[in-house]
Every structure is written in structure tokens, then in C-alpha cells.
Amino acid sequence: MIKRTLFFGNPAYLSTKNEQIVISYPDKEQETKTVAIEDIGVIVLENQQITITNGLLEKLIHNNVALINCDQYHLPIGLLMPLNGHTEQSERFKNQINASAPLKKNLWQQTISAKIMNQAGLLKEKGIPMRKMELWAKEVTSGDALNHESRAAVFYWQSLSPILSLPWVASTEAKQSQTAETFNRGQNGLPPNNLFNYGYAILRAITARAIVSSGMLPTLGIFHRNKYNAYCLADDIMEPYRPYVDLIVCHIMETEDVVENLTTEIKKQLLNIASIDVYIDGKNSPLMVAMSRTTHSLNECFEGTARKILYPVYV
């Protein structure tokens, strides 16, 4: 079943009744709306004047809804998830914690190979030569000791630069900066880096939700291990899914006249990442469903009943 993504950009009062989320507005002329909680996968709270009841929070947590909170600049800063996401959580925690170094290196090799292949798939769709990417994907070694991920990333972003460096900006200052250099991917760089940041934040939340649902800790990664990062495993597992965010951003850049700020319309397009179709294990599936299959297969690798993570293939 495809889960819905709800985005709240205006003041609202959110409560619950009869297993529904009840959406009321300060403007009494606006009609109150209801949505079945079981149909919801992600909720984004952007406006500072949103009130939500504890009763609704309880039901959202029990239904494993990823609740994303945004700051005053409208950027995602928080994620609410259940403490108990699976009946076998304690046992799965142990398996994850006790995973051997060789196993984690092998899992990272699979992850990076899948990421590079999916990046190559996007380049191919855009008519960009990507033979090098396919070769690098096959050459990834245990733990990516030769850092093929970085080599592929440089080639990938340079190849997409003509699409991402279009003369779309509105302000004079931005125009001057944009004409001085081509697009460079960086978290604090010029637009459309802001679009990538927003899309990746949503993807990260979807990944963390699936990890918790599969009974694992999103904090303990197979490669990422920054002590200040609470979502190391999410950052690992989302890597092969990033090109699907990149696809949406490229589409926005190719179809919008001005893409300088994160407008509500652009955010809606980026929020579609949860329902975009991906090809996994021989069939198409919504990304949110595919992510759950990926995290389930990861748990099987940790418990020793499988050796391969199921990742989508960009086709």
C-alpha cells in the first residue's frame, strides 16, 4: 500500500478522532479535513503556528509515521520516531551491534556499487556517457578501500553540471555568482544545492523510519560513524537511493523558469520522493515500500540468514 505524505505549510490545528487525523484551520471558513492515520507515511510540519495534540502524536508513533519538523527557515531539523519499532527489537539490536568488521565492509561494498550503478542509470537517462561509472561500480572492493565512491561522485556531478547550471536565478547577485562558475555540489553552495539538501533530508527520514520499523538502530552505521550523527545507518543505506532525488531536482531545473528559492510547489515535487516508482527485486515498487525491503534484507544480513542487501536498480 502506498503511504501518503502530508505537508503543512500554513497554520493548523491537528488532532485525532476515530483513527483519523483531524485538520482544522484558524480561518473558520476553511473546511475541516480528515485523513486515515493508517494511510500516512510521512508528515512535514513547516509552519511555526501549527498545534498538534499528544493524542495524535501517540497514534502517529504507533503507526510508524515519520514526523518531520522544520525550523523558522522552513528546513527539516527534527524527526520523531517510535522507541519500540519491532517486537524482536532487542535481538536485532544485538545482531547489529555484533556485526563483524568484514561483514560491514562487504555491506558497504554492495552499497557503494549500487549507488554508482544508479548514478550511471540517471546519466544514461539524460543521454550522458557513463561507461566509466559502470566500470567503477564493478571495481568497488571491500569497504571501498580505493574510494571509488569519491571518484564516481566527481565525474557524476561534473556530468550533471550543464543541467544544474542553467541561467534560472532571479537575483543579480546570484546571477553574477552563477555565471562565474558552474554548479558545484556542496551543502552550503548556491542553488540548486538547497533543493538537494531538502530532498535528501526527506529521503533520510524515510530511511530512518524503515530502519526503526525493521527493528534496528539508525545510529549505528556500517560505514558512517561520526559521534555527533544520530542517523549513521540511515546515511549509509540511503546512498543508492540518492539518484532518485537527483532525478526530481534535474526535472525541476529543466522545467521551471526560476529555481532560486524553495517554493511550496517545488517542495511538493521533492516530497513525491516517497511515492516515486523504483525497480527492486524484479518489479516496480513505491520508494517507501522499497526502502522497507532494503532494511529488512539488511537485518537478514546482520542475523546471518542472507548475504546481500536488496537495493533498487535505476532503469
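Here we summarise the structure given alongside this text. These numbers were taken from a predicted model, which means no experiment stands behind them.

## A look at the packing of helix α5 (residues 148–164) against helix α9 (residues 242–255)
- Running from N to C, α5 and α9 point in directions that differ by 25°, and their axes come no closer than 10 Å. When the axes of α5 and α9 are compared, the pair comes out roughly parallel. Along the contact surface, α5 presents Y156, W157, L160, I163 and L164, while α9 presents P243, D246, V249, C250, M253 and E254.
- When the residues that make up the contact of α5 with α9 are grouped by side-chain class, the tally is 9 nonpolar, no polar and 2 charged.

## Quick word on the packing of helix α7 (residues 193–213) against helix α11 (residues 287–303)
- Relative orientation of the contacting elements α7 and α11 amounts to 45°, with a least axis distance of 9 Å. Considering the angle they form, α7 stands oblique to α11. α7 and α11 meet at a crossing whose hand is right-handed. Contacts from L203, I206, T207, R209, A210 and I211 of α7 reach α11 at L287, M288, M291, S292 and T295.
- Residue composition of the contact of α7 with α11, grouped by class: 7 nonpolar, 3 polar and 1 charged.

## Quick notes on a nonpolar patch on the surface
- On the surface, a nonpolar cluster with roughly 280 Å² of combined accessible area is contributed by Y279, V313 and V315.
- Relative to the elements of secondary structure, V315 occurs in the segment after α11.

## Details of the pairing of strand β3 (residues 20–24)
- As defined by bridge partners, strand β2 (residues 12–17) adjoins β3 across 5 bridges and the pair is classed as antiparallel. Bridge pairing in β3 places K17 opposite Q20.
- Between the end of β2 and the start of β3, which pair antiparallel, lie 2 residues, with N18 showing a positive phi angle near 55°.
- Pairing of β3 with strand β4 (residues 33–36) involves 4 bridges; the strand directions are antiparallel. Pairing of I21 across the sheet is with V35, part of β4.

## Observations concerning the sheet that holds β2
- The sheet built from 4 strands is open, its strands ordered β4-β3-β2-β6 with mixed pairing. One side of each edge strand has no neighbouring strand; the edge strands of this open sheet are β4 and β6 (50–52). With strand direction ignored, the average angle separating the axes of adjacent strands in the sheet is 25°.
- This element, helix α1 (residues 54–62), spans β2, β3 and β6 of the sheet and lies at about 65° to β2.

## Re the environment of K104
- Turning to its location among the elements, K104 is positioned in helix α3 (residues 101–125).
- Put simply, K104 and S24 are 80 residues apart on the chain and 47 Å apart in space, counted from C-alpha to C-alpha.
- Those residues in contact with K104, other than ones at most four positions away along the chain, are A99, G221 and I222.

## Comments concerning α1
- Among the residues of α1, those classed as buried are L56, L57 and L60. Axial view of α1: buried residues confined to an arc of 100°, hence all on one face. Among the exposed residues of α1, those oriented more than 90 degrees off its buried face are N54 and H62.
- Where α1 is buried, its residues meet β2, β3, β5 (40–45), β6, β7 (66–70) and β8 (76–80).

Reading guide: rules and limits
- What you see as residue numbers is a count from 1 along each chain, following the sequence as written.
- Side-chain atom pairs in this predicted model are given and counted only at pLDDT of 80 or more, local residue features only at pLDDT of at least 70, and totals for whole chains, interfaces and linings cover all residues.
- The side-chain figures draw on all heavy atoms in the structure; neither hydrogens nor water molecules are used.
- As a rule, the C-alpha atoms of each element are fitted with a line to give its axis, helices using only the stretch in contact, and angles between N-to-C directions run from 0 to 180 degrees.
- Helix and strand assignments come from DSSP, with helices taken as H or I runs of at least 4 residues and strands as E runs of at least 2, each series counted from the N terminus.
- To sort the angles, those under 35 degrees are grouped as roughly parallel, those over 145 as roughly antiparallel, those from 65 to 115 as roughly perpendicular, and the leftovers as oblique.
- Note on contacts: a residue pair is in contact if any heavy atoms of the two residues lie within 4.5 Å.
- Only Asp, Glu, Lys and Arg are considered charged in this grouping, and only Ala, Val, Leu, Ile, Met, Phe, Trp, Tyr, Cys and Pro are considered nonpolar; every other residue, Gly among them, is considered polar.
- Helix crossings fall into two classes, left-handed where the near helix is turned counterclockwise from the far one by less than a right angle and right-handed where it is turned clockwise.
- Only residues whose relative accessible area exceeds 30% and that take part in no salt bridge are eligible for patches, with like-charged residues grouped when within 9 Å of each other and nonpolar side chains (Val, Leu, Ile, Met, Phe, Trp, Tyr) grouped when within 5 Å.
- Throughout, the Shrake-Rupley method with a 1.4 Å probe supplies accessible areas, and for residues the shown protein chains are the sole cover considered.
- Here, a salt bridge means any Lys or Arg side-chain nitrogen found within 4 Å of an Asp or Glu carboxyl oxygen.
- Two strands are counted as paired when DSSP detects at least two bridges linking them.
- A 1.4 Å probe rolled over the protein chains alone gives each residue an accessible area, and that area as a share of the maximum for its type sets the label: buried under 20%, exposed over 50%, partly exposed in between.
- Directions from the helix axis toward the C-beta atoms define the arc.

Purely spatial values, then, with no claim about function.
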